[in-house]
Structures are given as structure tokens and as C-alpha cells.
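Inside the fold
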There are 2 protein chains.
Amino acid sequence: MDDDQERQQLIERDRAWAKLAESEGDVEEILEFWTDDAVVIPPGMPPVVGKEALRAYVEGTRTIPGFSISWTTDSVEVSADGSMAWILGTNLVEMDTEAGHVRAEGRVATVWRKEHDGTWRCCLDMWNDAPADG
Amino acid sequence: MDDDQERQQLIERDRAWAKLAESEGDVEEILEFWTDDAVVIPPGMPPVVGKEALRAYVEGTRTIPGFSISWTTDSVEVSADGSMAWILGTNLVEMDTEAGHVRAEGRVATVWRKEHDGTWRCCLDMWNDAPADG
């Protein structure tokens, strides 16, 4: 597989993941996109490390009133051997709080590892807040 | 070079960079650690993209009263072919503001590319705020 195909495959995979998350799809299917040792670092919250913690994290979001998450896949770089990659995008997290509806726009970096089964999975997932003026 | 040597080399490089930044070392030497197309994404600020913008960014920090930055190198993963890597660490940014001295603790993810000259350089540098209680 050449570099372009590899990159295209990963873009499609990240977009499929986003679609699944956005539509509140099956939790186990969503978890399949992370490696077993994945680290997710939301702003202002402790890191969420590993499959069990991630399952609780995703299930937790389902109980938040008005919660939604979506993200874009903007740039992708794949290592020469096609074993590691990183993606930069933007995300939008929304929820209802006592103070009203909150929209948090962010920038997301993810790192991906191609695992032994030939599948790309995300091993690092970190975002931070966009400037207040967008 | 085996994986362990490669990882060790990168850890030493990231630590040398931190030492240089912490001691307000030479700006051009600091810039040497980023790729020409590097993207730095501080929380709540627009992305800083490319060498020229990074030079202005680093020079800008030198004019902030009481500014200091330091970071740790906690975990490193290198691609099988030794061409790409990512590092997770924590950072501490301090400065004096009108409201007093501010200490911002964060978590940092960096992605590194081994360039044609055999040198590891950072192509993505993103951090976010640690929980308020540390």
C-alpha cells in the first residue's frame, strides 16, 4: 500500500469513528478504535487510560444531558513504514449545564498505531480549547 | 540503532530542549528542535505554524514579565522504522499578570519526525490544562 492509500484509509477510519461517536453509536464499536493502552486527555480532566476506563468514560458521556461530540480530520501524516500516524483536527463538544447549553470548540491531536491485525487504532487523543473568539 | 537506543536518544533530545527553554537559552537553538512546518497549539490561542511564526512566538515569551516554561519527558513511543515518534509529558508555564503570579500546569503531547539529516525534530506540540486540583 502506498503512502497516499495508507493516508486515505486512515482518514476514512477517523471519519467513520467520528460518525459513530456523533450518532451515539454502539459503545463497543467506538472502543474498537482505541488501542488497549490508549490515553485520552480532555482539557481540565485527569487522563483516561486503557479500555476499561475508556468504556466508563464513553458510557458516562451518554448520561450527560444534551451531550454531543463531533470532530473533523484535517491533516494526516503517516510514518514511512506505515506503522504510526498522527492526525490534527477540530472538535465540538456540547452539553446542557445548570448555566445553560455549552458549546466547547477545540483542536484535537490523535496518534495512531497500526496493530498486528493491520488495523489503525488511536493510542493518544488530546484536545484543548480554541480561542474564545473562534 | 535498536528501538531502545532510538528512544533513549529522543528522550535525551527532548530533555536538552527543555533545559534550553527553561534557562532562556538561544532562540535559534530552541527553534532547531522544531521542523520547518511544525504546529504548536497552546490552549486558548491560535495555532503557531512554521519557523517564522515560532520565532516570533518564542521571542514574545521573552517579553512577558516573570515568564518561564519547563516540561518533563514521561513516555516515548517510536515507530518500528524509527522515523516517527510521540512523547507525553507534563509542563509548567509561569508568568506575572496584573492579577499576580500565574502557574499553569499542563499535559503535553509532542510528535517527532526524524529528518533527512538523521535529527529528531518536533512537528506537533500541543498541551492542555491539568485539573484544577493538580
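According to the stated counting rule, one finds 26 salt bridges over all chains in the structure shown. A:Arg55 is the salt-bridge partner of A:Glu52, the closest N and O atoms lying 2.7 Å from each other. Here A:Arg55 and A:Glu52 lie together in helix α3 (residues 51–61), a separation of three residues that amounts to about one turn. Overlapping salt bridges bring together A:Glu32, A:Asp37, A:Arg113, A:Glu115, A:Asp117, A:Arg121 and B:Glu77 as one network.

A word on the relation of the copies chain B and chain A. Between chain B and chain A, the superposition needs a rotation of 180° and an axial shift of 0.0 Å, giving an RMSD of 0.0 Å. When the rotation and shift are considered jointly, the pair of chain copies conforms to a two-fold rotation axis. Among all residues of chain B, the minimum C-alpha distance to the rotation axis is found for B:Asn128, at 2.6 Å. Mapped onto chain A, 100% of the interface residues of chain B are again interface residues, and the two copies thus contact each other with one and the same surface.

Another aspect to go through is the nonpolar core. Generally speaking, nonpolar side chains in soluble globular proteins are found buried as a group. Core analysis: the largest hydrophobic core is formed by 29 residues, its most contacted members being A:Leu10, A:Trp17, A:Trp34, A:Leu54 and A:Trp112. Among the elements that line this core, the one with the most residues is helix α1 (residues 3–22) of chain A, at six residues. Excluding residues within four positions of it along the chain, A:Leu54 makes contact with A:Leu31, A:Trp34, A:Ala38, A:Val40 and A:Val48. Of all hydrophobic cores here, the second largest spans 23 residues; its members include B:Ile11, B:Val27, B:Leu54 and B:Val78.

This paragraph deals with empty space enclosed by the protein. Using the criterion set out here, one finds one cavity of 30 Å³ or more in the structure. A volume near 30 Å³ is recorded for the largest cavity. Around the largest cavity, the lining residues are A:Ala109, A:Val111, A:Leu124, B:Trp86, B:Ile87, B:Ala109, B:Thr110, B:Val111 and B:Leu124. Listed by contribution, the elements that provide at least two residues to the lining of the largest cavity are β6 (100–114) of chain A together with β5 (84–97) and β6 (100–114) of chain B. Per-element accounting of the lining of the largest cavity gives the leading share, three residues, to β6(B). For the lining of the largest cavity, the class distribution of residues is eight nonpolar, one polar and no charged.

All names here are of chain B. For strand β1 (residues 34–41), a buried count of six out of eight residues is recorded, marking the element as mostly surrounded by other parts of the structure. Relative to strand β7 (residues 120–129), β1 is paired through four bridges, and the arrangement is parallel. Note on β7: the bridge partner recorded for valine 39 is leucine 124. The sheet contact formed by β1 and strand β2 (residues 48–49) spans two bridges and is antiparallel. Bridged to valine 40 within β2 is valine 48.

Each full turn of the α-helix corresponds to 3.6 residues, which orients residues three or four apart in the same direction. Residue and element names in this part refer to chain B. In this model, helix α1 (residues 3–22) (20 residues) spans 28 Å end to end at C-alpha, consistent with the 28 Å of a helix rising 1.5 Å per residue. Every buried residue of α1 is listed here: Glu6, Leu10, Ile11, Arg13, Asp14, Trp17, Ala18, Leu20 and Ala21. Once α1 ends, the next one or two residues include glutamate 24, with phi positive near 50°.

To continue, consider unusual backbone geometry. Even without glycine at this site, A:Glu24 takes up a positive phi of about 50°. In this fold, A:Glu24 is placed in the loop between α1 and α2 (27–31).

Taken residue by residue, the interface counts 31 residues in chain B and 31 residues in chain A. Sorting the residues of chain B by area buried against chain A places B:Met84, B:Trp86 and B:Met126 first, and these three jointly supply 26% of that buried surface. The interface formed by chain B and chain A includes two salt bridges. For the salt bridge of A:Arg113 with B:Glu77, the shortest nitrogen-to-oxygen distance reads 2.7 Å. Taken together, the links from chain B to chain A amount to 13 residue pairs in polar contact (both at pLDDT 80 or more). For the side of chain B that touches chain A, the leading source of residues is β7(B), giving six residues.

Rules used in this analysis
- Residues numbered from 1 in each chain as written.
- Chains lettered and ligands numbered in written order.
- Predicted model: local features only at pLDDT ≥ 70, side-chain atom pairs only at ≥ 80, totals over all residues.
- Heavy atoms only, no water.
- Salt bridge = Lys/Arg side-chain N within 4 Å of Asp/Glu carboxyl O.
- Helix = DSSP H or I, 4+ residues; strand = E, 2+ residues; numbered from the N terminus.
- Least-squares fit on C-alpha atoms with pLDDT ≥ 70 in both.
- Contact = heavy atoms within 4.5 Å.
- Core = buried A, V, L, I, M, F, W, Y, C linked by side-chain atoms within 4.5 Å.
- Buried < 20%, exposed > 50% of the residue type's maximum accessible area, 1.4 Å probe, protein only.
- 1 Å grid on protein atoms, 1.4 Å probe; cavity = no way out; pocket = protein on both sides within 12 Å on 5 of 7 lines; lining within 4 Å.
- Points joined across faces, edges and corners; volume = space filled by probe spheres on them.
- Nonpolar A, V, L, I, M, F, W, Y, C, P; charged D, E, K, R; others polar.
- Pairing = 2+ DSSP bridges.
- Expected span 1.5 Å × (residues − 1).
- Buried area = accessible area lost by both parts, 1.4 Å probe.
- Polar contact = N/O pair within 3.5 Å; in protein donor to acceptor, adjacent residues only side chain to side chain.

Any functional reading would require information that these geometric values do not contain.
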